[in-house]
Structure formats: structure tokens, C-alpha cells
Amino acid sequence: MFTTIVRVLKAAFQNIIRNAWLGAATVLVLILALASVNVLVGVNALLTRAVTILEDKVDVTVFFKPTANEALVKQARFFLGDLSQINTVELLPPDKALELFKERHKNDKEILDALAELDANPLGATIRVTAKNTSDYPFIIETLKNPQFADAIESKSYDDHKASIERVQSLADSARLVGSVLILVFVLIGILIVYNTVRVAIYTQREEIGIMRLVGASSTFVRTPFVFQGFALAAIALLVTAGIVAVGVAWIEPGLRPLYDGGDPGLREAFYGNGGQLAILEGGGLMLLVGLTSWAAVGKYLKN
Amino acid sequence: MIKLTRVSKTYPPDVHGLKDITLEILPGEFVSIVGQSGAGKTTLAKLLIAQERPTRGTIEIGGWDITNIRSREVPVLRRQIGVVFQDFKLLPKKTVFENVSFALEVAGEPTKRINDIVPQVLRIVGLEEKGFRYPRQLSGGEQQRVVIARSLVHRPKILLADEPTGNLDTLNARDIIDLLQKINAFGTTVVLVTHNREVVNALRKRVITLADGRVASDQAHGKYLIS
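Thresholds applied
Counting of residues starts from 1 at the beginning of each chain's written sequence and follows it residue by residue. Written order decides the labels, with chains lettered from A and ligands numbered from 1. Under the rules for a predicted model, residues below a pLDDT of 70 receive no local features and side-chain atom pairs below 80 are neither given nor counted, while totals for whole chains, interfaces and linings still include all residues. Water and hydrogen atoms play no part in the side-chain values, which are based on all heavy atoms of the structure. UniProt positions are given in the numbering used here, feature names are shortened, and annotations may be inferred rather than shown by experiment. Helix and strand definitions follow DSSP, with helices as H or I runs of at least four residues and strands as E runs of at least two, each counted in order from the N terminus. The rule is simple: take the accessible area with a 1.4 Å probe, protein chains only, and divide by the maximum for that residue type; under 20% is buried, over 50% is exposed, in between is partly exposed. Residues are treated as being in contact if the distance between any of their heavy atoms lies within 4.5 Å. Throughout, the Shrake-Rupley method with a 1.4 Å probe supplies accessible areas, and for residues the shown protein chains are the sole cover considered. Centre distance within 6.5 Å is the pairing criterion for rings of Phe, Tyr and Trp, where only the six-membered ring of Trp is used; planes under 30 degrees apart are then read as stacked, over 60 as edge-to-face, and the remainder as tilted. A ring is considered to have a charge above it if a Lys NZ or an Arg CZ atom is located within 6 Å of its centre and within 35 degrees of its normal. Joining through side-chain atoms within 4.5 Å is the link that ties buried Ala, Val, Leu, Ile, Met, Phe, Trp, Tyr and Cys residues into a set, and such a set is a nonpolar core. For the charge count, each Lys or Arg is scored as positive and each Asp or Glu as negative, with His and the chain ends excluded. We define a salt bridge as a contact between a side-chain nitrogen of Lys or Arg and a carboxyl oxygen of Asp or Glu at a distance within 4 Å. Following DSSP output, two strands are said to pair if at least two bridges run between them. Each patch is assembled from residues with relative accessible area greater than 30% and no salt bridge, linking like charges that lie within 9 Å and nonpolar side chains (Val, Leu, Ile, Met, Phe, Trp, Tyr) that lie within 5 Å. Each polar contact in these results corresponds to two N or O atoms within 3.5 Å; when the atoms are within protein, one needs to be able to donate a hydrogen and the other to accept it, and residues that are neighboring in sequence are counted only if both atoms are side-chain atoms. Each axis is a line fitted through C-alpha atoms, and for a helix only the stretch in contact is used; angles between axes span 0 to 180 degrees, taken between their N-to-C directions.

- Labelled according to an unreviewed UniProt entry, chain B appears under the name Cell division ATP-binding protein FtsE, originating from Candidatus Uhrbacteria bacterium RIFCSPHIGHO2_12_FULL_60_25.
- The record in UniProt for chain B states the following under Function (unreviewed entry): "Part of the ABC transporter FtsEX involved in cellular division."

- Under an unreviewed UniProt entry, the name given to chain A is Cell division protein FtsX, and the organism recorded is Candidatus Uhrbacteria bacterium RIFCSPHIGHO2_12_FULL_60_25.
- Among the UniProt annotations of chain A, the heading Subcellular location (unreviewed entry) holds the following wording: "Cell membrane".

### What about the overall build of chain A?
Point 1. The number of helices and strands found in chain A is twelve helices and four strands.
Point 2. Considering chain A as a whole, with its 304 residues, one finds that 39% of them fall into the buried category.
Point 3. For chain A, long-range pairs separated by at least 24 residues make up 82% of all intrachain contacts whose partners lie at least 6 apart in sequence.
Point 4. With an accessible surface of roughly 16900 Å², chain A has 64% of that area assigned to carbon and sulfur atoms.

### Observations regarding the packing of aromatic side chains
Point 1. A complete count under the given rule lists five aromatic pairs over all chains for this structure.
Point 2. For the pair F79 of chain A and F149 of chain A, a centre-to-centre distance of 5.4 Å together with 40 degrees between the ring planes defines the contact as tilted. Of this pair, F79 of chain A sits in helix α3 (residues 70–81) while F149 of chain A sits in helix α7 (residues 147–150), and the two are 70 residues apart along the sequence.
Point 3. Classification of F79 of chain A by relative accessible area gives partly exposed; the value is 29%.
Point 4. For F149 of chain A, a relative accessible area of 1% translates into the label buried.
Point 5. With 6.0 Å between their ring centres and 65 degrees between their planes, F221 of chain A and F102 of chain B make a pair best called edge-to-face. With F221 of chain A in helix α10 (residues 219–256) and F102 of chain B in helix α3 (residues 96–105), this pair bridges two chains. No difference in accessibility class separates F221 of chain A from F102 of chain B, as the two residues are buried.
Point 6. The side chain of R77 of chain A reaches across the aromatic face of F78 of chain A, ending 5.2 Å from its centre.

### Quick look at the nonpolar core
Taken as a class, soluble globular proteins show a tendency for nonpolar side chains to be buried jointly.
All names here are of chain B.
Point 1. Of all hydrophobic cores here, the largest spans 35 residues; its most connected members are V100, L122, V146, I148, V153, L180 and L192.
Point 2. The element best represented in this core is helix α6 (residues 170–185), accounting for six residues.
Point 3. If near-sequence neighbours (up to four positions away) are discounted, I148 is found in contact with V84, V125, I176, L179, L180 and I183.
Point 4. With 32 residues, the next largest nonpolar core counts L23, I25, L47 and L77 among its residues.

### Things to note about the side chain of D162 of chain B
Residue and element names in this part refer to chain B.
Point 1. For D162, the location among the structural elements is in strand β7 (residues 158–162).
Point 2. Within the buried set, D162 has no salt-bridge partner at all; the shortest N-O distance to an opposite charge, 7.3 Å, is to K41.
Point 3. Beyond its immediate stretch of four places on either side in the chain, D162 contacts T42, A45, V84, F85, Q86 and V193.

### With respect to the pairing of strand β9 (residues 206–211) of chain B
Residues and elements named next belong to chain B.
Point 1. For β9, the buried fraction is high: five of the six residues fall into the buried class.
Point 2. Pairing between strand β3 (residues 30–34) and β9: four bridges, direction parallel. Paired with V34 across the two strands is T209, which belongs to β9.
Point 3. Alignment of β9 against strand β10 (residues 214–219), held across five bridges, turns out to be antiparallel. Each residue of the ladder has a partner; that of V207, found in β10, is Q219.
Point 4. Here β9 hands over to β10 after two residues, with D212 in that stretch at a positive phi of 55 degrees.

### Let's talk about a nonpolar patch on the surface
All names here are of chain A.
Point 1. Taken together, the side chains of M1, I5, L9, F228 and F231 make up a nonpolar region of the molecular surface, amounting to roughly 500 Å² of accessible area.
Point 2. When contributions to the nonpolar patch are tallied by element, the ones reaching two or more residues are α1 (2–18) and α10.
Point 3. With respect to the secondary-structure elements, F231 resides in helix α10.
Point 4. Owing to a relative accessible area of 30%, F231 belongs among the partly exposed residues under this scheme.

### Some details on the side chain of R78 of chain B
All names here are of chain B.
Point 1. Along the chain, R78 falls in helix α2 (residues 74–78).
Point 2. For the buried R78, no salt bridge is present, and the opposite-charge side chain at shortest range is E52, 9.5 Å distant.
Point 3. Of note is the side chain of R78, whose polar atom sits 2.9 Å from the backbone oxygen of I49.

### With respect to the sheet that holds β7 of chain B
Residue and element names in this part refer to chain B.
Point 1. Sheet architecture is open: six strands sit in the order β6-β7-β8-β3-β9-β10, paired in mixed fashion. Two strands lie at the open edges of the sheet, namely β6 (81–85) and β10, each paired on one side alone. With direction set aside, neighbouring strand axes in the sheet form an average angle of 15 degrees.
Point 2. Across the sheet, helix α5 (residues 140–152) touches β6 and β7, and the angle it forms with β6 is around 170 degrees.

### Regarding the sheet that holds strand β3 (residues 126–131) of chain A
Whether parallel or antiparallel, the strands of a sheet pair through hydrogen bonds between backbone atoms.
All names here are of chain A.
Point 1. Taken together, the four strands give an open sheet; going across it, the order is β2-β3-β1-β4, and neighbouring strands pair in antiparallel fashion. Bordering the open sheet on either side are β2 (86–92) and β4 (153–156), each of which pairs with just one other strand. Neighbour-to-neighbour, the strand axes of this sheet turn through a mean angle of 20 degrees, independent of strand direction.
Point 2. Note that strand β1 (residues 60–64) and β4 share three bridges and pair antiparallel. If you follow F63 over to β4, its bridge partner there is S155.
Point 3. Sitting on the sheet, α3 touches β1, β2 and β3, and the angle it makes with β2 is about 170 degrees.

### Some remarks on the pattern of salt bridges
One side chain can pair with another of opposite charge once the charged atoms of both are near each other.
Residues and elements named next belong to chain B.
Point 1. One pass over the structure, following the stated rule, counts 19 salt bridges over all chains.
Point 2. Residue K9 pairs with E52 through a salt bridge whose shortest N-O separation is 3.7 Å. Placement of the pair is K9 in strand β1 (residues 2–11) and E52 in the loop between α1 (41–48) and β4 (56–61), with a sequence separation of 43 residues.
Point 3. The buried category is assigned to K9, whose relative accessible area is 10%.
Point 4. Its salt-bridge partner being K130, residue E142 comes within 2.3 Å of it at the nearest N-O pair. Of this pair, E142 sits in helix α5 while K130 sits in the loop between α4 (111–124) and α5, placing them twelve residues apart in sequence.

In C-alpha cells form, the structure reads like this:
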């Protein structure tokens, strides 16, 4: 058994060395297939990050009446904070709200003069809310119609931003769907490319397979070196692709940062953060595909 | 040793390769199977190594009925019959030594035994100095001798040579036939499929002549009769 395994591995190794050009061509096509899938993974990560940034910019601000009880405002904050749909809740007391208002309008003399004429702070407390999903905003707004809080609320910014929020939500949904579909399509194309590449590589060696059979080799003895050879070529392709992706991300990412307000475009997280998972998925899938295709393709020439 | 009983082979739709052939080849015989192209010589050779299955009749090799041999038993049969082909059928990416040793490796022979036997067999065919060459680096006659060496490593009881001199010049052809005669002298049954008149007439051994898929004649010390 041990001798057979050694012979099979030796035959696979010799096949790789002595069919170096064929192996190189096969590896190149495998790299192209893997790279095309990874390009789509990258594009999807960039798209997702862009949508996330856009979603993060969406919020709802609830303006309380100046007469609203401070305890009621705090109660509203805790009530909102307990909702599972809420990402962040920020409470601005009336003094802070006034301060920010003045800062925002520091170049508008008329507004500042009007404010100075007033004896008391005309602004009430403000609560700024961000949701985990843009689709949750209607629900959050609905909960604030609770009679306990409704009478104390002056206005909500949601009504002004409703159309924008819905557009962002629609864009995010479309982007995620298109990204997933494109990755699936590229994976399927990749599978077809790999399948046919392995078949062509084995087709070129069909006469040798027939000769091995004629001199008394069992099907398994003929097949196994080709399967191991396929595994080795797939591993080489995976390593080279991983190197290309790692270098590519490091090179492209700084150039993309300005497009994301100087923030992370999401490529590092997609490839470096999920590197192990991607390697297992892509490498495992490729090995399985190459192994099964090699086994089946050799079988076609074992009939005599 | 080899027994065919009423064997026919028909290829779809209705091409008859062999028609109702009955013959027996005894251990140690040197038999030439001759006939024109399409007479059924190659079909007969393919049936003997289970590369084809007969449509009717039975085939026995050394008492083993291989008429309906299972696919997984075919390698076992082929390790017992040495086969020499007109087009050599050497593995181009393996050296001479590896081509010969491959036939032993597939049978699971220990490496030490392989390293003992292969040089001996290469010496018998006169290629002990060319073990590390690739087939493309050899002449046609040398390649055919590698094939013979490969067919001998199992010490087969039967050696089937299908047109072994077809691609060789007269001198090399004579060398190969001499080699086959030596192998036969050691007790191996040799079945030579050929259409080389000079070779058959020089041998003066048993000649089975096929014509149109049937046995036209079977002579103990025959000559090539086809005109």
C-alpha cells in the first residue's frame, strides 16, 4: 500500500515536471478563473462598503418641544435604546442643541440677532437616531407616535428625508442582489473554465492513458496520479492568486480611499479579514472540482 | 494455452470482424497469424487481450474463460500476456527504464525486485546502456526492443506480437524476429500477427491464415499463402 502511494505520488510529480508547459497553461487558466471570481468579490466589497457608508449617513432626528419634560425626553431615549432595530441613540439637551444651532448659523447675523432678542432658549431637546437597517426607520417613527411621547414632539426629520432614505435602501438592496448574482455567475463560468481546462489537459494525454491500461495498470493506478497532479496544479494556482490578490489590494486600496471620504473602502476586510475563509472556499472548491473532473476525464479513456 | 471456440465478432451495424473461428494454440508454440488487411488479424489480437469482447463463442487463455471478463480483471489478464504493438505504444514522457519498470509497478512488484529485473531484461534486448533515454531518442528498432523488454518483465506464458515489424526496415525486422524466436525457445508461446511474407516464410513455423474473418488454412510448418 505504502509502495503504491509512493509510486502514485512520484508519477504525479514526474507528470508535472515532464509536462511543465501543459501544467503551466493549466495553472494560468485556473489563476484566471480564480482571479475573475476574486475581482467580483472585491467589487462587491467596494459596493457594499459604499452602500454602508451611505446608510450610515442616514439618521432621524426627533425635535422635542421646549416645554417637554426632561424626564420624558430621557424616557424616550431609553425607550428607543431598547429597540432591537436601533443602532445608536444620541440625546442633545436644549442647551447643547442651542449651542450647535448657533454654531451652524454663525455666519447668519439675522438669525443670531433674533435669538439674542429672546429671553429663553427656544429649542427643545433633540434625539438623533440611527437604525441598523434603513428599512427600520418607518417602524421607529411609528413607535414614536406612542401618545406618551407624541404630544411632546415638535417634529421629526424623517418626513423630510423619507424619499432619500427609500432611495438609499433601494440602492443598497439592488447593489447587494446584483453583487451576489454576479459572483454566482462568475463562479459558474469559473467552474466551466476549470472543468474544460482539466478535460483538455487530460485529452492531450489520452494515448498514454490507453497505453498504461494495455500494460496492465488498474483504473485506480492510472487515475490517481492525474488527480494528485490536478490537486498540485490547483494548489499552485491558489497560492499565486492569493499573492496577486494580496499585492493587488495593497496597491489599489490607497487610491480608493479618497472616494470613501478617506475611510476604509472595505477591500482589506474582504480579503485580509476573510482570507482564511476565502482560501478554504475557493481552494476547497477548486480542489474538489479539479479532482472530480480529472477522475471523470481519465475514466473516459480507460474503457479499452 | 489459447482456445477459441466458434468465436465471432460483429461491429455495429453489420461489419463482421471474425466469423465462427475455432482454433487452439498449445503451450510453447510459435504461431503466425497472417492475412490481408481486413482479414480479422487485429480483431483476433484485440480479443486475446480483452480489448474487445466476442459477439459469440468462447475464449480461454491458460484455462481462464475470458469471454465475458470483468473490467477490473482485465489488468490481471494483461499482466499475464506480453503484448508487442506495431506502433510501439511506449510512454513518451518516461525513460526506457521507466517504461519497462512501469509494467511491474502496476502489478505492485517491490522496488528492489524491479531494480533487479529491469536491467536484466534490458540486457536481453541489448539496451542496457540506454535505460535513461526517452523513446524519441531511440531508433524504431530500439523502440520495438523496449516494447519487447516491457512485455517480458512479467515472464509471460504468452507473447502476442501485433505486426511488430510493420514500422521497421529489413535489418531491424530480422533482429526483432530473432528476439521473438529466442523468447519462444525459453518456452513462451508466441503469437505473431503479421502480413510480412518474408518473415513468415523464413520462420517455417505454424501459420494460421485468415481470410474474410474465417480460418482459411492452418499449417503446422506453413508458408505465407496469400497472393
